Amino acid sequence: MDSEISPRPVPAKPLLRVLHGEAVWPPPVWLMRQAGRYLPEFRAERAKADFLTRCTTPDIAAELTLQPIRRYAMDGAILFSDILVLPWAMGQDLKFIEGRGPVMEPIRNRAALDALSPARVAETVAPIQETLRILARELPQPTTLLGFAGSPFTVSCYMVDGGSSREFGVTRAMALQDPALYGDLIALLTQATTDMLIGQIDAGAEAVMLFDSWAGLLPPSQFRKHVIAPTRAIVEGIRAARPGVKIIGFPRLAGLMAIEYARETGVDALACDTSVDMAQMAALCPSTLALQGNLDPIILRNGGQSLIDEAHTIRNALKGRPHVFNLGHGVMPDTPPEHVGALVDAVRDIG
């Protein structure tokens, strides 16, 4: 077998050990959006360049990724980037507007879809791969380097609706009213996402995460078609090309469908949102499946003894099985940095 695609040995890093199905105590900890506006050093870097420039300038993106590692010695360092880099790399217009979020030229017809160019992606995301190479050199030895992408359904929501929404009604209507067009968009995103994540792995990512932030909007039949099926294809594509690389899936607000998602997609870890009782999820899932989560970001923002108590409740409920401590969603921008430090210490029983 070609050495490039030989399975990787089980590593010593705590986070990777958990992703390989081992129960580690205390559990490894990292936080979604741990590189963000709650850190003063992040805000200082933010003032130097716009968002896309920060994502595609290796020195800046690496620095932003490293900041929470220096402060808190997190067990995972997730690449500073954005899920919408992929459609932007294929040629879709993208702007980030303060107070509004991402704004895109919407994909509403065959001509707009055909104008996208997957062939552009490798060259456009080359700076992001360089960021990963920098991080692979500079991260502390125990820290796992995580790549990521948005899952096809969630990315398609922004591409079709043209920006943020609570319901993404235009996208969901297209899936029903023009299934051929929407299916082709999902197929395009599935292959492009697979290729991009393999590129991240080759640049140094030791595991990858798929964010399906809006999966919970779909009823079960559509969830199976537009969330589970493309995620399974991405997992299979990565496994075929880079055996042994572990994959975390996050079907946010999926409810009971998250169990079917974990079973049918083959992800190595299921990231759980704040609506999930982790003890109940552990009882319903195979003992070899790693669970990630799921502290409420508002509890983190508020801090105090309730933060410590809730962290211990989640952590202790999963003792003896593979668990990565994380939030149920991202760190809120107005979270005091000392609360993050208190959380990490509580998970690790420091102090």
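About the thresholds
- Residues numbered from 1 in each chain as written.
- Predicted model: local features only at pLDDT ≥ 70, side-chain atom pairs only at ≥ 80, totals over all residues.
- Heavy atoms only, no water.
- Helix = DSSP H or I, 4+ residues; strand = E, 2+ residues; numbered from the N terminus.
- Buried < 20%, exposed > 50% of the residue type's maximum accessible area, 1.4 Å probe, protein only.
- Arc of directions from axis to C-beta.
- Contact = heavy atoms within 4.5 Å.
- Salt bridge = Lys/Arg side-chain N within 4 Å of Asp/Glu carboxyl O.
- Pairing = 2+ DSSP bridges.
- Axes fitted to C-alpha atoms, helices over the stretch in contact; angles between N-to-C directions.

Participant: What is the right way to look at unusual backbone geometry in this model?
Facilitator: Trans peptide bonds make up most of the peptide bonds, and negative phi angles are found at most residues other than glycine. The amide bond that connects Trp25 to the next residue, Pro26, takes the cis arrangement and shows omega of -10 degrees. The residue Pro26 is located in the loop between helix 1 (14–19) and helix 2 (40–46) in this model. Look at the link from Gly293 to Asn294: it is a cis peptide, with omega at -10 degrees. Structurally, the position occupied by Asn294 is in strand 8 (residues 290–295). A positive phi angle, close to 60 degrees, is found at Arg33, a residue other than glycine. As for its placement among the helices and strands, Arg33 is situated in the loop between helix 1 and helix 2. One non-glycine residue, Leu253, lies in the positive phi region at around 60 degrees. Mapped onto the secondary structure, Leu253 falls in the loop between strand 6 (246–251) and helix 13 (257–265). Judged by relative accessible area, which is 43%, Leu253 ranks as partly exposed.

Participant: Even after reading the chapter, I still don't get helix 10 (residues 169–177), so can you show me in this structure?
Facilitator: Every α-helix carries 3.6 residues per turn, so stepping three or four residues along brings you back to the same face. Thr171, Met174 and Ala175 are the residues of helix 10 that are buried. Along the axis of helix 10, the buried positions cluster into a sector of 100 degrees, meaning they face one direction only. Set apart from the buried face of helix 10 by more than 90 degrees, the exposed residues are Leu176 and Gln177. Those residues of helix 10 hidden inside the fold are in contact with helix 9 (152–161), helix 11 (179–203) and helix 12 (220–241).

Participant: Can you help me understand the pattern of salt bridges in this one?
Facilitator: A pair can form between side chains of opposite charge whenever their charged atoms are brought close. Following the criterion strictly, the structure yields 18 salt bridges and no others. One salt bridge connects Glu206 with Lys13, and the closest N-O pair in it is separated by 2.8 Å. One end of the pair, Glu206, is in the loop between helix 11 and strand 5 (207–212); the other, Lys13, is in the segment before helix 1, and 193 residues separate them in sequence. There is no split in this pair, since Glu206 and Lys13 are both buried. One salt-bridge network, in which partners are shared between bridges, spans Arg239, Lys246 and Asp268.

Participant: Quick question: what am I supposed to make of the pairing of strand 9 (residues 323–327) here?
Facilitator: Consecutive side chains of a regular strand alternate in pointing toward one face of the sheet and then the other. Burial of strand 9 is extensive: five of the five residues sit out of reach of the surface. Of the two faces of strand 9, the one holding His323, Phe325 and Leu327 and the one holding Val324 and Asn326 are both buried throughout.

Participant: Even after reading the chapter, I still don't get the sheet that holds strand 9, so can you show me in this structure?
Facilitator: In a beta sheet, neighbouring strands are held together by backbone hydrogen bonds and run either parallel or antiparallel to one another. Taken together, the seven strands give an open sheet; going across it, the order is 1-4-5-6-7-8-9, and neighbouring strands pair in parallel fashion. In this open sheet, the two strands that pair with only one neighbour each are strand 1 (76–78) and strand 9. Here the average twist between neighbouring strands, direction ignored, is 25 degrees. Here strand 5 pairs with strand 6 via six bridges, running parallel. Bridging from a neighbouring strand, Phe211 pairs with Phe250 of strand 6. Its contacts with the sheet place helix 16 (residues 305–317) against strand 8 and strand 9, and it is angled at close to 165 degrees to strand 8.

Participant: Any chance you could explain the side chain of Asp268 here in plain terms?
Facilitator: Among the secondary structure elements, Asp268 is positioned in the loop between helix 13 and strand 7 (269–271). Classification of Asp268 by relative accessible area gives buried; the value is 13%. In this view, Asp268 contacts Leu19, Arg239, Val245, Lys246, Ile247, Leu289 and Ala290; residues no more than four positions away in its chain are not counted.

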